[in-house]
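# Secondary and tertiary structure notes
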Amino acid sequence: MLNLSKPILYLITPGATPETTTPADKEFQEILHQVSAVVAAGIQLIQLREKNLTARVLFELTVRVMEIVRGTSTKVLVNDRADIAAGARAD
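Note that the structure is predicted; figures quoted are calculated from it, not measured.

## Focus: the pairing of strand 2 (residues 45–48)
Side chains Leu-45 and Gln-47 of strand 2 all project onto a buried face; the interleaved residues Ile-46 and Leu-48 project onto the opposite face, where all are buried too. When strand 1 (residues 10–12) meets strand 2, the two strands line up parallel, connected through three bridges. Its bridge partner being in strand 2, Tyr-10 is matched across the sheet by Leu-45. Where strand 2 lies against strand 3 (residues 75–78), four bridges are found, and the strand directions are parallel.

## Re the environment of Phe-59
Positionally, Phe-59 belongs in helix 2 (residues 55–69). Classification of Phe-59 by relative accessible area gives partly exposed; the value is 34%. Remark: the alpha-carbon pair of Phe-59 and Gly-87, spanning 28 residues in sequence, is separated by 7.8 Å. The contacts of Phe-59, once residues within four sequence positions are left out, are Ile-84, Gly-87 and Ala-88.

Parameters at a glance
- Residues numbered from 1 in each chain as written.
- Predicted model: local features only at pLDDT ≥ 70, side-chain atom pairs only at ≥ 80, totals over all residues.
- Heavy atoms only, no water.
- Buried < 20%, exposed > 50% of the residue type's maximum accessible area, 1.4 Å probe, protein only.
- Helix = DSSP H or I, 4+ residues; strand = E, 2+ residues; numbered from the N terminus.
- Pairing = 2+ DSSP bridges.
- Contact = heavy atoms within 4.5 Å.

In structure tokens, the structure reads:
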């Protein structure tokens, strides 16, 4: 009998959000909606890949994502921004 581990399923955000995006914009809200959906589905990992966002907006996004995943087993990674991940207490 094979003892295979479960595959890791995770969301990688598209990374196409423009630099001019703010928390009030549709693109920002859509990412939060996607995060809520994958957390509800029990997805294990979320990778925020929004490299075009300003540091301030990416930090705000990460904080909001962390609020959504709080109390779940879902982990959050932030591409290329360990400073933002640490400040927002991402995984």
